[in-house]
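# Observations on the three-dimensional arrangement
Single-letter residue listing:
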Amino acid sequence: MKKTLLLSVLAGALIGSAPLQADDHGVEYAMAIHGGAGTITRANLTDEQEQAYKDKLNEALEAGRAVLKDGGDSTTAVIAAIQVMEASPLFNSGKGAVYTWDGEHELDASLMEGEKGNAGAVAGVKTVKSPIELAREVMEESVHVMLSGEGAEQFAKQQGLEQVDNSYFNTERRYQQLLKAKKKIKASEQPEQQAWEYLDLDYKYGTVGAVAVDKNGLLSAGTSTGGMTAKRYGRIGDSPIIGAGTWADNDSCAVSATGHGEYFIRFHVAADICSRVKYKGLSVSEAGDDVIHGVLEQAGGTGGVIIIDADGNVAMPFNTEGMYRGYFKGDGDTHIAIYNEEE
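What counts, and at which threshold
Along every chain, residues carry numbers that run from 1 in the direction the sequence is written. Owing to the predicted nature of the model, reporting of local features is limited to residues with pLDDT of at least 70; listing and counting of side-chain atom pairs is limited to 80 or more, with chain, interface and lining totals taken over all residues. With hydrogens and water stripped out, all remaining heavy atoms of the structure feed into the side-chain values. Under this scheme, a helix contributes an axis fitted over its contacting stretch, all axes are lines through C-alpha atoms, and angles between N-to-C directions fall in the 0 to 180 degree range. Numbering of helices and strands runs from the N terminus, with a helix taken as a DSSP run of H or I at least four residues long and a strand as a DSSP run of E at least two residues long. Just so you know how the angles are binned, under 35 degrees is roughly parallel, over 145 roughly antiparallel, 65 to 115 roughly perpendicular, and the rest oblique. Only heavy atoms matter for contacts: two residues are in contact if any of them lie within 4.5 Å across the pair. Only Phe, Tyr and Trp rings are paired, with Trp represented by its six-membered ring, and only when their centres lie within 6.5 Å; those with planes under 30 degrees apart are stacked, over 60 edge-to-face, the remainder tilted. Residue exposure (1.4 Å probe, protein chains only): buried if accessible area is under 20% of the type maximum, exposed if over 50%, otherwise partly exposed. When DSSP locates at least two bridges between a pair of strands, those strands are taken to pair.

Further remarks concern the packing of helix α4 (residues 131-141) against helix α5 (residues 149-158). Packed helices, taken two at a time, are described by the angle between their axes plus the distance between the axes. Axis separation between α4 and α5 bottoms out at 10 Å; the angle between their running directions is 80°. Of the possible angle classes, the one that applies to α4 and α5 is roughly perpendicular. Two secondary-structure elements touch here, α4 through Leu134, Glu137, Val138 and Glu141 and α5 through Ala152, Phe155 and Ala156.

Right, here's the structure in full:
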C-alpha cells in the first residue's frame, strides 16, 4: 500500500498544474468556477460529452457574469453559477450527486464572504434542492455557521427553500457507479473503514465551486457536492468545512476546492493558500502551487482549487489528470478547459 501511495504521489507531480490562469490587475469584476477534478482525459470523454461539459461550464459562468455586470454582489454571483451546476446531471452536486452506500444522496455545501468572514455551511442534507442556497440562509439568517442533517432540513423549511424527494437527485450513471464501487469495496480486505483506498479517483470526489470578486471588491467563495461514492457512517468531506474546502478573505483571496476531502481537511487547504498570499506576499499562482504541488502532494493527497484575488488574478492548480474549470474577467471572453495540457 505504501508503494502504491508513493507511486501515486510521483505520478501527480508529473501531471502538472494546468496553467489556466491569468493576471490582470484592477479588473472591474471577475469569476472562476470548477466542476470537479479527477481522472479526466481525452480518452475518457467523447466529443459530445466534452462539449456538454464546456457548454454547461459556460452557462454557469454567464449566470455569474449577469449578476456581477449588473452590479450584484459576488456572493449572489457565486450562488447563481453553482446553481447551474447543481441542476445539471453532469456534476456531482445536486441533481446527479453520487449515491451513499445505502443508496441515498447526502449533500454538502458552504459559502463565505471575504469582508467580515461571514460564512454558512450545511452537511448531510437530503431534501433541499439547492444546498448552496441553504448555505447562504445559514450565513445570513442564523446565528450558526454549520447545520447538518435533519436540523438543516428543518431550518430550510422554515426559510421557505424548495424541498424535493431524495429521488430527485437520482441518475442512472451515478447508480451504476455505486454498484461498481460496492463490488470493488466488498472484494477488498478492509471494506468497512478503508473503502476509499480501493476506489479510483473518480469515485472519491467530485465537486462544484465558484469564486468571484464584484465591483465593490467583495470576494466570495462557494462549494457544493454530493460527496464520495458509497460513503458510509455520515461521512463529511471538505466541501462544507470553512477553511478546508472554502475560504474568502478580502485581504488575500477566495478559494474553492475539489479533491480527496480528508486531505483537504487535515491540511486546511483553502485557508492555507490565502494565508500564504496574506502573510508571505505570494501571488495566487505561487500560493496555489505551493499547497497543491507541495503540501498536498507530499501528503499523498490529490485534487485542485480555483483561486481569485481582489485584483481579479486567477489561478487553478491541480495534481490530477484533469479538472473542469473556467473563468472570465469583466466583459472579456470566457476561458474554459478540462484537461491538464490546456492553457
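Okay, back to it.
Let's shift gears to the packing of aromatic side chains. Under the counting rule described, the total for this entry stands at six aromatic pairs. Between tyrosine 29 and phenylalanine 328, the ring centres sit 6.3 Å apart and the planes meet at 75°, which makes this aromatic pair edge-to-face. Linking tyrosine 29 in the loop between α1 (2-15) and β1 (30-38) with phenylalanine 328 in strand β11 (residues 322-329), this pair joins segments that are 299 residues apart in sequence. Owing to a relative accessible area of 0%, phenylalanine 328 belongs among the buried residues under this scheme. Ring centres of phenylalanine 91 and tyrosine 324 lie 6.3 Å apart, and the angle between their planes is 85°; on these two criteria the pair is classed as edge-to-face. Here phenylalanine 91 is found in the loop between α3 (74-86) and β2 (107-113), whereas its partner tyrosine 324 is found in strand β11, with 233 residues between them in sequence.

Turning our attention to the pairing of strand β9 (residues 303-308). With six of its six residues buried, β9 lies for the most part within the structure. Here β9 shows two buried faces, one formed by Gly303, Val305 and Ile307 and the other by Gly304, Ile306 and Ile308. When strand β8 (residues 254-259) meets β9, the two strands line up antiparallel, connected through six bridges. Bridge pairing in β9 links valine 255 to isoleucine 307. Two strands pair when backbone bridges link them, and β9 and strand β10 (residues 314-315) are joined in this way by two bridges, in the antiparallel orientation. The partner of isoleucine 307 across the bridge, within β10, is alanine 315. Joining the antiparallel neighbours β9 and β10 is a turn of five residues, in which glycine 312 adopts a positive phi near 85°.

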